[in-house]
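The primary structure of each chain is shown beneath.
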Amino acid sequence: SAKAGRGGVAVYDDERDGSGRHRLEAVEQLRAGISGGQLVLHYQPKLALGTGEVEGVEALVRWEHPTRGLVYPDQFIELAESAGLMASLTTRVVELALAQCRSWADQGRWLTVAVNVSPSNLVDEQFPGEVARLLAAHDLPSGVLTLEVTESILMEDRDRAVGVLTRLRDAGVGVSIDDYGTGYSSLAYLATLPVTELKLDRAFVGEMAGSPRAESIVTSTLQLAHAMGLSFVAEGVEDQGTLDTLTFLGCDVVQGYHVSRPLPPEQLWAWLSERASE
Ligand code: C2E
Ligand code: CA
Ligand code: CA
Ligand code: CA
């Protein structure tokens, strides 16, 4: 069931809907929302520790619901996936993200953009072509785009997922393993896949401060990622102490509230301008 996210109620909760009537309604609203321009993206900076620069952002979808206000992804991603709406949702998100990337580039600021993808996208033979079409439509090199996938996606229908990912990688799109450490796959196995980046789940990052055990998990994961040629990203960095430790350890990129919350594009632009003038 699509569980409630922060402070809100799930757009649809199957445990409270015996007849399924409410689900049908929620699906139709979501379908209309996707095609009707109700999806918006917020962007969270990815800070490269080597240069101290924000080189990219992660795009996080929100739904501007006509009556509920801003709805967070925890409240509709599962529904989109189970209702067969994920292909159109992801296409829309990639399109919005690339249009934004183009606009920033036109204003003199090149930023890479990361988009989250779901299981059904990775078994969709049309997906790599769709991504290529959108990159060309916005006159952008494929290197500006990274797709974030979770390990579970890669375990479900592995051969097809690897096939789709290989085509995306061959085209020059980056591939990141998101929420690393929450699944059961070994890093040795993951590194055989066409991936470029490892993103450690925020559960480990959040525990680092004050836990030598958590810190040693981060240290060994980072060393292994580097040995395999992957960029190492820590998400959920919420304090300066964690940032300092990650810098010391040689982490490549950090993301988290301590750097910035996800922001609407205009606010991100203001935030970037302020940093540049410091
Ligand atoms: P995720 O990919 O792991 O994204 C990170 C989530 O952590 C975001 O929540 C972000 O706002 C939050 N976050 C960032 N920094 C911090 C921090 O320092 N501390 C804490 N506690 N949280 C932090 P959000 O935006 O609600 O997204 C939730 C999840 O929804 C994402 O998790 C991702 O799995 C999914 N999602 C978001 N956008 C999309 C999308 O366009 N497509 C798909 N398929 N899934 C999406
Ligand atoms: Ca992500
Ligand atoms: Ca994550
Ligand atoms: Ca997550």
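In this text the structure is predicted, and so the values were computed from the model without any measurement.

The rules behind each value
Per chain, the residues get numbers from 1 upward, laid out in the order the sequence is written. As they are written, the chains are lettered A onward and the ligands numbered 1 onward, keeping that order. Where totals are concerned, whole chains, interfaces and linings use all residues; where local detail is concerned, this predicted model gives features only for residues with pLDDT of at least 70, and gives and counts side-chain atom pairs only at 80 or more. Note: side-chain values were computed over all heavy atoms of the structure, leaving out hydrogens and water. Under the DSSP-based scheme used, a helix requires at least four consecutive residues in state H or I and a strand at least two consecutive residues in state E, with every element numbered from the N terminus. With a 1.4 Å probe rolled over the protein chains alone, any residue whose accessible area is under 20% of its type maximum counts as buried; one over 50% counts as exposed, and the rest are partly exposed. We call two residues contacting when some pair of their heavy atoms lies within 4.5 Å. Helix axes are fitted only over the stretch in contact, all axes being lines through C-alpha atoms; the angle between N-to-C directions runs from 0 to 180 degrees. Less than a right angle of anticlockwise turn of the near helix away from the far helix marks a crossing as left-handed, whereas a clockwise turn marks it as right-handed. Each residue gets one of three labels, nonpolar for Ala, Val, Leu, Ile, Met, Phe, Trp, Tyr, Cys and Pro, charged for Asp, Glu, Lys and Arg, and polar for the others, Gly among them. We call an atom a donor if it is N, O or S and sits within 2.8 Å of the metal, or 3.2 Å for Na, K and Ca. Water is not counted, so some sites may look partial. Confidence of the predictor at the level of single residues is captured by pLDDT, which takes values from 0 to 100. Any two strands with at least two DSSP-identified bridges between them are counted as paired. Between the rings of Phe, Tyr and Trp (Trp by its six-membered ring), a pair exists once the centres lie within 6.5 Å; its type follows the angle of the planes, with under 30 degrees stacked, over 60 edge-to-face, and the other angles tilted. Remark: a charge is flagged as sitting over a ring if the NZ atom of Lys or the CZ atom of Arg is within 6 Å of the ring centre and within 35 degrees of the ring normal. Residues counted as positive are Lys and Arg, residues counted as negative are Asp and Glu, and His and the chain ends are not counted. Put simply, a salt bridge is a Lys or Arg side-chain nitrogen that is within 4 Å of an Asp or Glu carboxyl oxygen. For the purposes of these results, a polar contact is taken to be a pair of N or O atoms within 3.5 Å, where, inside protein, one atom must be able to donate a hydrogen and its partner to accept one; residues adjacent in sequence count only when each atom of the pair is a side-chain atom. We define the nonpolar core as a collection of buried residues of types Ala, Val, Leu, Ile, Met, Phe, Trp, Tyr and Cys that are connected through side-chain atoms lying within 4.5 Å of one another.

**Q** Would you mind going over the overall build of the protein with me for this structure?
**A** On a plain count of helices and strands, the protein comes out with twelve helices and nine strands. Seen through its C-alpha atoms, the protein measures out along the principal axes to roughly 55 × 45 × 40 Å. With 278 residues in all, the protein has 48% of them scored as buried. The contacts in the protein between residues at least 6 apart in sequence include a share of 66% that link residues at least 24 apart.

**Q** What am I meant to see in the packing of helix H10 (residues 212-227) against helix H11 (residues 240-249) here?
**A** Any two packed helices are characterised by the angle at which their axes cross and by the distance between the axes. Between H10 and H11, the least distance of the axes is 11 Å, while the angle of their chain directions is 35 degrees. Viewed along their axes, H10 and H11 form a crossing whose handedness is right-handed. Of the residues in H11, those touching H10 at Glu215, Val218, Thr219 and Leu222 are Thr245, Leu246 and Leu249. Within the contact of H10 with H11, the residues separate by chemical class into four nonpolar, two polar and one charged.

**Q** What is the right way to look at the coordination of the calcium ion (ligand 2) in this model?
**A** By definition of the ideal shapes, four donors in a tetrahedron about a metal sit 109.5 degrees apart, and six donors in an octahedron sit 90 or 180 degrees apart. Bound to the calcium ion (ligand 2) are the protein donor atoms Glu58 (OE), Asn116 (OD1), Glu148 (OE) and Asp178 (OD), situated 2.2 to 2.4 Å from the metal. Separation of the calcium ion (ligand 2) from the calcium ion (ligand 3) amounts to 4.0 Å, with aspartate 178 serving as a shared donor to the pair. Residue glutamate 58 is located in strand S2 (residues 53-65), and its partner glutamate 148 is located in strand S5 (residues 145-150); the two are separated by 90 residues in the primary sequence. On the basis of relative accessibility, which here comes to 5%, the residue glutamate 58 falls in the buried class.

**Q** Looking at this model, I keep getting lost on the confidence of the model for the protein. Mind explaining?
**A** Reading fine detail from the predicted coordinates is not recommended where pLDDT is low. Per-chain confidence: the protein averages 92 in pLDDT, with 95% of residues scoring 70 or above. Across residues 1-5, confidence stays below pLDDT 50; counting only partners more than four residues off in sequence or on other chains, it has 18 contacts. Both confidence scores are given for the complex: pTM 0.94, ipTM 0.97.

**Q** Honestly, the coordination of the calcium ion (ligand 3) in this entry has me stumped. Any pointers?
**A** Donor atoms from the polypeptide that bind the calcium ion (ligand 3) are Asp178 (OD), Asp179 (OD), Glu235 (OE) and Glu235 (OE), placed at 2.2 to 2.5 Å. Mapped onto the sequence, the residues coordinating the calcium ion (ligand 3) show the spacing D-D-x55-E.

**Q** Looking at this model, I keep getting lost on the pairing of strand S4 (residues 112-116). Mind explaining?
**A** Strand residues, when the strand is regular, have side chains that alternate between the two faces of the sheet. Note: S2 against S4, four bridges, orientation parallel. When the bridges of S4 are listed, alanine 59 appears paired with valine 115. Pairing analysis gives four bridges linking S4 to S5, with the strands arranged parallel. Opposite valine 115, over in S5, you have leucine 147 as the bridge partner.

**Q** Got a minute to help me understand the packing of aromatic side chains in this structure?
**A** The relative placement of two aromatic rings is captured by the distance of their centres and the angle of their planes. Overall, the coordinates contain two aromatic pairs when judged by the stated rule. Residues tryptophan 63 and phenylalanine 76 carry aromatic rings whose centres are separated by 5.7 Å and whose planes lie at 75 degrees to one another, so their mutual orientation is edge-to-face. Within this pair, whereas tryptophan 63 is found in strand S2, its partner phenylalanine 76 is found in the loop between strand S3 (69-71) and helix H2 (77-82), the two being separated by 13 residues in sequence. In terms of burial, tryptophan 63 and phenylalanine 76 fall into one category: buried. The ring of tyrosine 257 has arginine 261 lying over it, and the distance from NZ or CZ to the ring centre is 3.8 Å.

**Q** Please clarify how the side chain of glutamate 151 should be interpreted in this entry.
**A** With respect to the helices, strands and loops of the structure, glutamate 151 is situated in helix H6 (residues 151-156). One buried charged residue, glutamate 151, remains without a salt bridge, the closest side chain of opposite sign being arginine 158 at 12 Å. At 3.0 Å, the side chain of glutamate 151 forms a polar contact with the backbone nitrogen of glycine 181. With near-sequence residues (within four places) excluded, glutamate 151 lies in contact with Ile177, Asp178, Asp179, Tyr180, Gly181, Thr182, Gly183, Tyr184 and Ser185.

**Q** Even after reading the chapter, I still don't get the pattern of salt bridges, so can you show me in this structure?
**A** Two side chains that carry opposite charge are able to pair once their charged atoms sit near each other. Overall, the coordinates contain ten salt bridges when judged by the stated rule. Arginine 92 is paired through a salt bridge with glutamate 95; the nearest N and O atoms lie 3.2 Å apart. One end of the pair, arginine 92, and the other, glutamate 95, are both in helix H3 (residues 86-106), three residues apart, so they sit about a helical turn from each other.

**Q** Please clarify how the nonpolar core should be interpreted in this entry.
**A** The tendency in soluble globular proteins is for nonpolar side chains to be buried as a group. Counting 79 residues, the largest nonpolar core has Leu145 and Val254 as the members making the most contacts within it. Considering each element in turn, this core owes the most residues, eight residues, to H3. In this view, valine 254 contacts Pro45, Lys46, Leu47, Leu49, Ala234, Val237, Leu243, Leu246 and Val259; residues no more than four positions away in its chain are not counted.

**Q** Quick question: what am I supposed to make of the pairing of strand S8 (residues 231-234) here?
**A** Sheet topology places strand S7 (residues 197-200) next to S8; four bridges connect them, and they run parallel. Across the sheet, residue leucine 200 finds its bridge partner in S8, namely alanine 234. As judged from the two bridges shared by S8 and strand S9 (residues 253-254), these two strands associate in the parallel manner. Across the sheet, alanine 234 pairs through a bridge with valine 254, a residue of S9.

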